[in-house]
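Secondary and tertiary structure notes
Residue strings, one per chain:
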Amino acid sequence: MTVTTAPPAPAPAKPRSSAKDKAPDPIAELAAAHDLTLSGARPTLPRYVAQLWGRRHFVTAYATARMHAQYSEASLGQVWHLVTPLLNAAVYYFIFGIVMHASHNVPNYLPFLITGVFVWDFIGSCINAATRSVQGNLGLVRALHFPRASLPLSTVVQLFQQLLVTMGALIILLLIFGQTPTPNWLLAFPTLFLMAAFCAGCAMIMARIGAKSPDVSQLMPFVLRTWMYASGVMWSIDQMLSTDHLPHWVSMALKLNPAAVFIDLMRFALIDTYAASQLPPHVWLIALGWALVVGVGGFVFFWKAEEEYGRG
(Lines give C-alpha, C1' and ligand atoms only; values in the text may rest on other atoms or scores of the structure.)
Protein backbone atom coordinates (compact mmCIF):
# COMPACT_ATOMS: atom_id res chain seq x y z
CA MET A 1 0.00 0.00 0.00
CA THR A 2 1.54 3.24 -1.11
CA VAL A 3 0.83 6.49 0.58
CA THR A 4 0.79 9.61 -1.59
CA THR A 5 1.35 12.96 -0.06
CA ALA A 6 -0.05 16.12 -1.47
CA PRO A 7 2.49 18.69 -2.71
CA PRO A 8 3.13 21.53 -0.31
CA ALA A 9 0.95 24.51 -0.83
CA PRO A 10 2.74 27.43 -2.48
CA ALA A 11 3.72 30.26 -0.18
CA PRO A 12 1.42 33.20 -0.44
CA ALA A 13 2.78 35.80 -2.82
CA LYS A 14 4.00 38.96 -1.23
CA PRO A 15 1.95 41.92 -2.21
CA ARG A 16 3.78 44.21 -4.59
CA SER A 17 4.69 47.48 -3.10
CA SER A 18 3.64 50.46 -5.12
CA ALA A 19 4.92 53.99 -5.07
CA LYS A 20 1.83 54.99 -3.11
CA ASP A 21 2.69 52.51 -0.31
CA LYS A 22 6.20 53.92 0.19
CA ALA A 23 6.73 56.30 3.02
CA PRO A 24 7.33 59.86 1.85
CA ASP A 25 10.96 60.92 1.78
CA PRO A 26 11.32 63.85 4.21
CA ILE A 27 14.46 65.11 2.44
CA ALA A 28 12.70 65.16 -0.95
CA GLU A 29 9.72 66.95 0.61
CA LEU A 30 12.03 69.52 2.21
CA ALA A 31 13.85 70.12 -1.09
CA ALA A 32 10.58 70.54 -2.95
CA ALA A 33 9.27 72.94 -0.32
CA HIS A 34 12.29 75.21 -0.80
CA ASP A 35 12.44 74.83 -4.60
CA LEU A 36 15.74 72.92 -4.51
CA THR A 37 16.79 70.75 -7.44
CA LEU A 38 19.38 68.07 -8.00
CA SER A 39 22.81 69.62 -8.44
CA GLY A 40 24.00 69.44 -12.06
CA ALA A 41 20.63 68.27 -13.41
CA ARG A 42 19.64 69.65 -16.79
CA PRO A 43 16.91 72.27 -16.45
CA THR A 44 14.05 72.58 -18.87
CA LEU A 45 14.77 74.53 -22.02
CA PRO A 46 12.76 77.66 -21.02
CA ARG A 47 14.41 77.65 -17.58
CA TYR A 48 17.81 77.23 -19.20
CA VAL A 49 17.18 80.24 -21.44
CA ALA A 50 16.16 82.25 -18.37
CA GLN A 51 19.31 81.19 -16.51
CA LEU A 52 21.46 82.13 -19.46
CA TRP A 53 19.78 85.51 -19.75
CA GLY A 54 20.48 86.06 -16.05
CA ARG A 55 24.20 85.45 -16.74
CA ARG A 56 24.35 87.87 -19.70
CA HIS A 57 26.53 90.31 -17.76
CA PHE A 58 28.98 87.51 -16.97
CA VAL A 59 29.10 86.52 -20.65
CA THR A 60 29.92 90.05 -21.83
CA ALA A 61 32.36 90.77 -19.01
CA TYR A 62 34.16 87.45 -19.50
CA ALA A 63 34.36 88.07 -23.26
CA THR A 64 35.70 91.60 -22.80
CA ALA A 65 38.30 90.46 -20.29
CA ARG A 66 39.52 87.74 -22.63
CA MET A 67 39.71 90.16 -25.55
CA HIS A 68 41.90 92.58 -23.57
CA ALA A 69 44.05 89.76 -22.23
CA GLN A 70 44.60 88.09 -25.60
CA TYR A 71 47.51 90.31 -26.68
CA SER A 72 48.37 91.79 -23.28
CA GLU A 73 51.96 90.51 -23.44
CA ALA A 74 52.59 91.73 -27.01
CA SER A 75 54.22 95.09 -27.63
CA LEU A 76 51.50 96.22 -30.04
CA GLY A 77 48.72 94.96 -27.75
CA GLN A 78 45.23 95.29 -29.18
CA VAL A 79 46.59 96.56 -32.49
CA TRP A 80 47.06 92.91 -33.43
CA HIS A 81 43.28 92.63 -33.79
CA LEU A 82 43.70 94.83 -36.88
CA VAL A 83 47.12 93.67 -38.02
CA THR A 84 46.30 89.94 -38.17
CA PRO A 85 43.53 90.07 -40.84
CA LEU A 86 45.51 92.67 -42.79
CA LEU A 87 48.57 90.42 -42.88
CA ASN A 88 46.37 87.51 -43.99
CA ALA A 89 44.92 89.66 -46.76
CA ALA A 90 48.43 90.70 -47.89
CA VAL A 91 49.59 87.07 -48.06
CA TYR A 92 46.46 85.96 -49.94
CA TYR A 93 46.79 88.88 -52.36
CA PHE A 94 50.36 87.92 -53.20
CA ILE A 95 49.58 84.21 -53.65
CA PHE A 96 46.16 84.34 -55.28
CA GLY A 97 46.02 87.82 -56.77
CA ILE A 98 49.53 88.04 -58.22
CA VAL A 99 50.92 84.52 -58.52
CA MET A 100 47.71 82.61 -59.38
CA HIS A 101 45.95 85.53 -61.16
CA ALA A 102 42.70 85.09 -59.25
CA SER A 103 42.17 88.84 -59.57
CA HIS A 104 41.46 88.57 -63.32
CA ASN A 105 37.89 89.56 -64.22
CA VAL A 106 37.19 90.53 -60.58
CA PRO A 107 36.62 94.30 -60.33
CA ASN A 108 38.07 95.97 -57.23
CA TYR A 109 39.91 92.82 -56.25
CA LEU A 110 41.59 94.32 -53.18
CA PRO A 111 38.27 95.42 -51.57
CA PHE A 112 36.83 92.06 -52.69
CA LEU A 113 39.69 90.20 -50.98
CA ILE A 114 39.94 92.11 -47.70
CA THR A 115 36.16 91.98 -47.17
CA GLY A 116 36.21 88.21 -47.59
CA VAL A 117 39.22 87.84 -45.29
CA PHE A 118 37.68 89.95 -42.50
CA VAL A 119 34.38 88.06 -42.61
CA TRP A 120 35.99 84.63 -42.80
CA ASP A 121 38.38 85.49 -39.96
CA PHE A 122 35.35 85.95 -37.70
CA ILE A 123 33.57 82.77 -38.81
CA GLY A 124 36.64 80.54 -38.65
CA SER A 125 37.88 81.96 -35.35
CA CYS A 126 34.47 81.46 -33.68
CA ILE A 127 34.32 77.78 -34.63
CA ASN A 128 37.97 77.05 -33.87
CA ALA A 129 37.98 78.77 -30.46
CA ALA A 130 34.60 77.39 -29.38
CA THR A 131 35.76 73.82 -29.96
CA ARG A 132 38.00 74.21 -26.88
CA SER A 133 35.70 76.50 -24.88
CA VAL A 134 34.37 73.81 -22.51
CA GLN A 135 37.36 71.47 -22.43
CA GLY A 136 39.71 74.40 -21.82
CA ASN A 137 37.68 75.67 -18.85
CA LEU A 138 37.12 72.43 -16.92
CA GLY A 139 38.24 74.04 -13.68
CA LEU A 140 35.56 76.69 -14.00
CA VAL A 141 32.95 74.15 -15.09
CA ARG A 142 33.62 71.84 -12.13
CA ALA A 143 33.91 74.60 -9.54
CA LEU A 144 30.87 76.76 -10.31
CA HIS A 145 27.26 76.15 -11.30
CA PHE A 146 26.24 78.23 -14.32
CA PRO A 147 24.76 77.57 -17.77
CA ARG A 148 27.59 75.97 -19.71
CA ALA A 149 26.42 77.66 -22.91
CA SER A 150 27.94 80.82 -21.44
CA LEU A 151 31.38 79.57 -22.46
CA PRO A 152 30.93 79.16 -26.24
CA LEU A 153 28.68 82.22 -26.34
CA SER A 154 31.30 84.33 -24.57
CA THR A 155 33.78 83.23 -27.25
CA VAL A 156 31.43 84.47 -29.98
CA VAL A 157 30.81 87.74 -28.12
CA GLN A 158 34.56 88.26 -27.72
CA LEU A 159 35.24 87.72 -31.41
CA PHE A 160 32.22 89.81 -32.40
CA GLN A 161 33.64 92.71 -30.38
CA GLN A 162 36.91 92.27 -32.27
CA LEU A 163 35.00 92.15 -35.55
CA LEU A 164 33.34 95.49 -34.83
CA VAL A 165 36.80 97.01 -34.34
CA THR A 166 38.14 95.48 -37.53
CA MET A 167 35.03 96.54 -39.45
CA GLY A 168 35.98 100.13 -38.66
CA ALA A 169 39.39 99.49 -40.22
CA LEU A 170 37.71 97.75 -43.17
CA ILE A 171 35.55 100.82 -43.84
CA ILE A 172 38.64 103.04 -43.84
CA LEU A 173 40.44 100.70 -46.25
CA LEU A 174 37.44 100.61 -48.58
CA LEU A 175 37.36 104.40 -48.66
CA ILE A 176 41.09 104.44 -49.45
CA PHE A 177 40.54 102.01 -52.33
CA GLY A 178 37.90 104.25 -53.87
CA GLN A 179 34.61 102.89 -52.53
CA THR A 180 31.94 105.48 -51.79
CA PRO A 181 29.30 105.15 -49.05
CA THR A 182 25.87 104.21 -50.39
CA PRO A 183 22.57 103.18 -48.77
CA ASN A 184 23.68 99.58 -49.42
CA TRP A 185 26.22 99.97 -46.63
CA LEU A 186 23.33 99.74 -44.15
CA LEU A 187 22.85 96.12 -45.27
CA ALA A 188 26.04 95.29 -43.40
CA PHE A 189 24.12 95.47 -40.09
CA PRO A 190 21.57 92.68 -40.77
CA THR A 191 24.39 90.67 -42.35
CA LEU A 192 26.45 90.97 -39.16
CA PHE A 193 23.44 89.99 -37.02
CA LEU A 194 22.60 86.89 -39.09
CA MET A 195 26.25 85.88 -39.26
CA ALA A 196 26.64 86.20 -35.48
CA ALA A 197 23.56 84.01 -34.90
CA PHE A 198 24.92 81.39 -37.28
CA CYS A 199 28.35 81.44 -35.64
CA ALA A 200 26.79 81.14 -32.16
CA GLY A 201 25.02 77.96 -33.26
CA CYS A 202 28.20 76.55 -34.81
CA ALA A 203 30.12 77.44 -31.65
CA MET A 204 27.72 75.52 -29.39
CA ILE A 205 27.72 72.50 -31.70
CA MET A 206 31.50 72.36 -31.75
CA ALA A 207 31.75 73.08 -28.01
CA ARG A 208 29.72 69.96 -27.22
CA ILE A 209 31.67 67.85 -29.72
CA GLY A 210 34.98 69.20 -28.43
CA ALA A 211 33.99 68.51 -24.83
CA LYS A 212 33.36 64.84 -25.67
CA SER A 213 36.25 64.39 -28.12
CA PRO A 214 39.13 66.79 -27.36
CA ASP A 215 41.08 65.50 -30.37
CA VAL A 216 38.60 67.27 -32.65
CA SER A 217 40.31 70.57 -31.85
CA GLN A 218 43.46 69.25 -33.56
CA LEU A 219 41.52 68.55 -36.76
CA MET A 220 39.62 71.83 -36.92
CA PRO A 221 42.40 73.90 -38.57
CA PHE A 222 42.41 71.47 -41.52
CA VAL A 223 38.62 71.43 -41.76
CA LEU A 224 38.41 75.22 -41.57
CA ARG A 225 41.15 75.69 -44.17
CA THR A 226 39.24 73.47 -46.61
CA TRP A 227 36.02 75.34 -45.87
CA MET A 228 37.76 78.68 -46.44
CA TYR A 229 38.97 77.64 -49.90
CA ALA A 230 35.42 76.53 -50.78
CA SER A 231 33.90 79.83 -49.60
CA GLY A 232 35.32 82.16 -52.24
CA VAL A 233 37.42 84.22 -49.85
CA MET A 234 40.25 84.72 -52.36
CA TRP A 235 38.44 84.02 -55.64
CA SER A 236 35.05 84.66 -57.18
CA ILE A 237 32.66 81.72 -57.06
CA ASP A 238 30.47 83.42 -59.67
CA GLN A 239 33.39 83.78 -62.10
CA MET A 240 34.52 80.21 -61.53
CA LEU A 241 31.04 78.76 -62.10
CA SER A 242 30.68 80.75 -65.34
CA THR A 243 33.88 79.28 -66.82
CA ASP A 244 34.12 75.76 -65.36
CA HIS A 245 31.57 73.06 -66.13
CA LEU A 246 31.02 71.66 -62.67
CA PRO A 247 28.32 69.15 -61.69
CA HIS A 248 25.07 70.79 -60.63
CA TRP A 249 25.34 69.58 -57.04
CA VAL A 250 28.81 71.10 -56.71
CA SER A 251 27.55 74.45 -57.99
CA MET A 252 24.62 74.38 -55.56
CA ALA A 253 26.87 73.41 -52.63
CA LEU A 254 29.20 76.33 -53.38
CA LYS A 255 26.34 78.81 -53.70
CA LEU A 256 24.53 77.62 -50.55
CA ASN A 257 27.71 77.39 -48.48
CA PRO A 258 26.82 79.54 -45.44
CA ALA A 259 30.25 81.20 -45.21
CA ALA A 260 30.08 82.11 -48.90
CA VAL A 261 26.54 83.47 -48.43
CA PHE A 262 27.58 85.84 -45.63
CA ILE A 263 30.74 86.89 -47.48
CA ASP A 264 28.69 87.62 -50.62
CA LEU A 265 26.18 89.68 -48.65
CA MET A 266 28.94 91.75 -47.04
CA ARG A 267 30.60 92.34 -50.42
CA PHE A 268 27.26 93.32 -51.94
CA ALA A 269 26.72 95.78 -49.09
CA LEU A 270 30.14 97.44 -49.16
CA ILE A 271 31.58 97.13 -52.69
CA ASP A 272 30.14 99.28 -55.48
CA THR A 273 30.90 96.87 -58.32
CA TYR A 274 29.56 93.76 -56.60
CA ALA A 275 26.19 93.41 -58.31
CA ALA A 276 23.03 91.65 -57.16
CA SER A 277 23.36 89.29 -60.14
CA GLN A 278 26.40 87.73 -58.42
CA LEU A 279 24.30 86.70 -55.42
CA PRO A 280 22.45 83.37 -55.22
CA PRO A 281 18.66 83.56 -55.70
CA HIS A 282 16.76 84.33 -52.49
CA VAL A 283 20.06 85.00 -50.73
CA TRP A 284 18.49 86.78 -47.73
CA LEU A 285 16.13 83.85 -47.10
CA ILE A 286 19.10 81.49 -47.33
CA ALA A 287 21.05 83.57 -44.81
CA LEU A 288 18.05 83.76 -42.48
CA GLY A 289 17.53 80.01 -42.78
CA TRP A 290 21.16 79.26 -41.88
CA ALA A 291 20.98 81.64 -38.90
CA LEU A 292 17.76 80.14 -37.53
CA VAL A 293 18.45 76.46 -38.20
CA VAL A 294 22.04 76.46 -36.97
CA GLY A 295 21.50 79.04 -34.23
CA VAL A 296 18.47 77.41 -32.62
CA GLY A 297 19.53 73.85 -33.45
CA GLY A 298 23.01 74.41 -32.04
CA PHE A 299 21.58 75.81 -28.81
CA VAL A 300 19.25 72.83 -28.31
CA PHE A 301 22.05 70.40 -29.24
CA PHE A 302 24.32 71.92 -26.59
CA TRP A 303 21.57 72.07 -23.94
CA LYS A 304 20.81 68.37 -24.26
CA ALA A 305 24.25 67.51 -22.84
CA GLU A 306 24.23 70.20 -20.14
CA GLU A 307 24.52 67.76 -17.24
CA GLU A 308 27.44 65.89 -18.84
CA TYR A 309 29.96 68.72 -19.13
CA GLY A 310 32.86 68.41 -16.73
CA ARG A 311 32.04 64.80 -15.80
CA GLY A 312 34.56 62.00 -16.06
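Details of the structure are given in the entry above.
Thoughts on the overall build of the protein
Tallying secondary structure elements over the protein gives 13 helices and zero strands in all. Counting from the amino terminus, the protein carries its helices and strands in the arrangement α-α-α-α-α-α-α-α-α-α-α-α-α. Sequence separation of at least 24 residues holds for 80% of the intrachain contacts in the protein that already meet a minimum separation of 6.

Some remarks on the packing of aromatic side chains
Counted under the stated rule, the structure contains eleven aromatic pairs. With 6.0 Å between their ring centres and 25° between their planes, Tyr109 and Phe112 make a pair best called stacked. With Tyr109 and Phe112 both in helix α5 (residues 109-130) and three residues apart, this pair spans about one turn of that helix. Residue Phe112 is classed as buried on the basis of its relative accessible area, which comes to 2%.

Thoughts on the side chain of Asn137
For Asn137, the location among the structural elements is in the loop between α5 and α6 (138-143). There is a polar contact of 3.0 Å between the side chain of Asn137 and the side chain of Tyr62. Among residues more than four places away in sequence, those in contact with Asn137 are Tyr62 and Leu151.

Notes on a nonpolar patch on the surface
Residues Val91, Tyr93, Phe94, Ile95, Ile98, Val99 and Met100 make up a contiguous nonpolar surface patch of roughly 630 Å² in combined accessible area. Topologically, Val99 is positioned in helix α4 (residues 80-99).

Digging into the packing of helix α7 (residues 150-176) against helix α8 (residues 188-212)
A pair of packed helices can be characterised by two numbers: the angle between their axes and the separation between those axes. In the contact formed by α7 and α8, the axes pass within 9 Å of each other and the chain directions differ by 145°. For the element pair α7 and α8, the recorded crossing hand is right-handed. Contacts from Pro152, Leu153, Val156, Phe160, Leu163 and Leu164 in α7 reach Leu192, Met195, Ala196, Cys199, Ala200, Ala203, Met204 and Ala207 in α8.

A look at the packing of helix α2 (residues 45-54) against helix α13 (residues 283-303)
Contact geometry of α2 with α13 gives a least axis separation of 11 Å together with a crossing angle of 100°. Put simply, α2 runs roughly perpendicular to α13. Across the interface between the two elements, Leu45, Tyr48, Val49 and Leu52 of α2 pack against Phe299, Val300, Phe302 and Trp303 of α13. Partitioning the contact of α2 with α13 into residue classes produces eight nonpolar, no polar and no charged.

Analysis parameters
- Residues numbered from 1 in each chain as written.
- Predicted model: local features only at pLDDT ≥ 70, side-chain atom pairs only at ≥ 80, totals over all residues.
- Heavy atoms only, no water.
- Helix = DSSP H or I, 4+ residues; strand = E, 2+ residues; numbered from the N terminus.
- Contact = heavy atoms within 4.5 Å.
- Phe/Tyr/Trp six-rings, centres within 6.5 Å; stacked < 30°, edge-to-face > 60°.
- Buried < 20%, exposed > 50% of the residue type's maximum accessible area, 1.4 Å probe, protein only.
- Polar contact = N/O pair within 3.5 Å; in protein donor to acceptor, adjacent residues only side chain to side chain.
- Patch = residues over 30% accessible without salt bridge, like charges linked within 9 Å, V, L, I, M, F, W, Y side chains within 5 Å.
- Areas by Shrake-Rupley, 256 points an atom, 1.4 Å probe, with all protein chains shown as cover.
- Salt bridge = Lys/Arg side-chain N within 4 Å of Asp/Glu carboxyl O.
- Axes fitted to C-alpha atoms, helices over the stretch in contact; angles between N-to-C directions.
- Left-handed = near helix turned anticlockwise from the far one by under 90°.
- Parallel < 35°, antiparallel > 145°, perpendicular 65-115°, else oblique.
- Nonpolar A, V, L, I, M, F, W, Y, C, P; charged D, E, K, R; others polar.

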